[in-house]
Amino acid sequence: MSLTILFYILAAITLATAFLTIISRNTIHSAIYLVICFFSIGGHYLMFNAQFLAIVHIIVYAGAIMVLFLFTVMLMNLNKEDEPHKPILSKLAAVISLCLVALVLLAAFIKAQQTVIPEYVASGEDYQSIKVLGQVLLDDKNGFMVPFEFASILLLVAMVGAVLLSKKEKLN
Amino acid sequence: MQNILQEIGIHNYLFLSALLFCIGIFGVLYRRNAIVMFMSIEIMLNAVNLLFVAFSTYHQDAQGQVFVFFSMAVAAAEVAVGLAIVVSIYRNMGSIDIDNLKNLKG
């Protein structure tokens, strides 16, 4: 029962901070709200017993990505709130598309909940400890060895690209 | 081991992820600040990751969680390159309002 209450509290925090990220006019405030949102999603992972994933999520998102965001915001001196007002028509269009997408997704999921999804039964076997995750990730035959190596190449290319893009161009 | 799915069903997580994804879409459409649009994209990616973990627990299969690792690597690469592009846009145009990027319009 306590887990249910915890779920609703965490879900409310997640949705509210995600919304505040978008609504708040100061970009620094947006970044802080986004950190809280990421922490609450990490809490959701903990409730699934996915401890390793929760820690990695906190490190990668709340650590690395948010530091990148904050550095970029501070580099640009954006906290003077000079964003010009959008025309009311395009704001209205955004709200209408939000309502339509939410309607379609929620209607489909409510329908699926009534018909398709069976009840969850716990089998009690170990499937998400770090040991099992490492075996699934790095197994020789049917593991994810090749995508794992390609992820390293992707990160290297992204690093080179970021340095190349943000380097000052020489005036000739 | 006890987890949350024994107390509440998977459909609560379906609704939560759907709402989080919709908030991300709303952010991309509503704001003109490029950095906040990036944050909205991160929110959308997180909604999908959350659903991956939920269904990984539901089917008691670790492959969903392994996929989330790759998704996180892609998200980190995307943010690094995207923010570098935003910085160079700011250097050239003096602002990051995406409505100023009309050079290709002719």
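What counts, and at which threshold
The residue numbering used here restarts from 1 in each chain and proceeds along that chain's sequence as written. Chains carry letters from A onward and ligands carry numbers from 1 onward, assigned in written order. Reporting of local features is limited, given that this is a predicted model, to residues whose pLDDT is at least 70; pairs of side-chain atoms are given and counted only at 80 or more, and all residues count toward the totals for whole chains, interfaces and linings. Here a helix means four or more residues in a row that DSSP labels H or I, a strand means two or more in a row labelled E, and each is numbered from the N terminus. Throughout, the radius of gyration refers to the C-alpha atoms, and the reference size of a globule is 2.2 Å times the residue count to the power 0.38. With C-beta atoms placed from the backbone, a residue is buried if 20 or more other C-beta atoms are within 10 Å of its own, exposed if 12 or fewer are, and partly exposed between those counts. Structural elements are reduced to axes, namely lines fitted to C-alpha atoms, with helices fitted over the stretch in contact, and the angle between N-to-C directions of any two is expressed from 0 to 180 degrees. Angle categories are assigned with fixed cut-offs, so that under 35 degrees is roughly parallel, over 145 is roughly antiparallel, 65 to 115 is roughly perpendicular, and the rest are oblique. For the purpose of contact definition, each residue receives a C-beta atom placed from its backbone, and two residues are in contact when these atoms lie within 7 Å. Gly counts as polar in this scheme, as do all residues outside two lists: the nonpolar Ala, Val, Leu, Ile, Met, Phe, Trp, Tyr, Cys and Pro, and the charged Asp, Glu, Lys and Arg. Think of a nonpolar core as buried Ala, Val, Leu, Ile, Met, Phe, Trp, Tyr and Cys residues chained together by C-beta atoms that fall within 7 Å. Given the number of residues in a helix, its expected span is that number minus one, multiplied by 1.5 Å.

**A word on the overall build of chain B**
Next up, step 1: Tallying secondary structure elements over chain B gives three helices and zero strands in all.
Next up, step 2: Tracing chain B from N to C terminus, the helices and strands come up as α-α-α.
Next up, step 3: On C-alpha atoms alone, chain B measures out to a radius of gyration of 18 Å, which is more than a quarter above the 13 Å that the 2.2 N^0.38 rule sets for 106 residues.
Next up, step 4: Each of the three principal axes of chain B carries a C-alpha extent, and together these read 55 × 25 × 20 Å.
Next up, step 5: Burial analysis of chain B (106 residues in total) assigns 48% to the buried set.

**Concerning the packing of helix α2 (residues 34-59) of chain B against helix α3 (residues 63-93) of chain B**
Residues and elements named next belong to chain B.
Next up, step 1: Packing of α2 against α3 brings their axes to within 9 Å, and their N-to-C directions diverge by 175°. Compared by their axis directions, α2 and α3 come out roughly antiparallel. In this structure, α2 uses Ala34, Ile35, Phe38, Glu42, Leu45, Asn49, Phe52, Val53, Phe55 and Ser56 to contact α3, whose residues at the interface are Gly64, Gln65, Phe67, Val68, Ser71, Ala75, Val79, Gly82 and Val86.
Next up, step 2: The class makeup of the residues in the contact of α2 with α3 is 12 nonpolar, six polar and one charged.

**Quick notes on the nonpolar core**
Next up, step 1: Grouped together as the largest cluster of nonpolar side chains are 57 residues, with contacts concentrated most on Ile35 and Val53 of chain B.
Next up, step 2: For this core, the secondary-structure elements that each account for two or more residues are α1 (2-23), α2 (27-47), α3 (51-76) and α6 (145-166) of chain A together with α1 (10-30), α2 and α3 of chain B.
Next up, step 3: Sort the elements by how many residues they give to this core and α2 of chain B lands first, with 12 residues.
Next up, step 4: Setting aside residues up to four positions removed in sequence, Ile35 of chain B forms contacts with Thr27, Phe69, Thr72 and Val73 of chain A together with Val86 and Ile96 of chain B.

**Observations concerning α2 of chain B**
Helical geometry note: an α-helix holds 3.6 residues per turn, so side chains three or four residues apart project in the same direction.
Residues and elements named next belong to chain B.
Next up, step 1: Between its first and last C-alpha, α2 extends 38 Å over 26 residues, near the 38 Å set by a 1.5 Å rise per residue.
Next up, step 2: Along α2, 19 of the 26 residues are buried, which leaves the element largely enclosed by surrounding structure.
Next up, step 3: A positive phi of about 55° marks Gln60, the residue just after α2.

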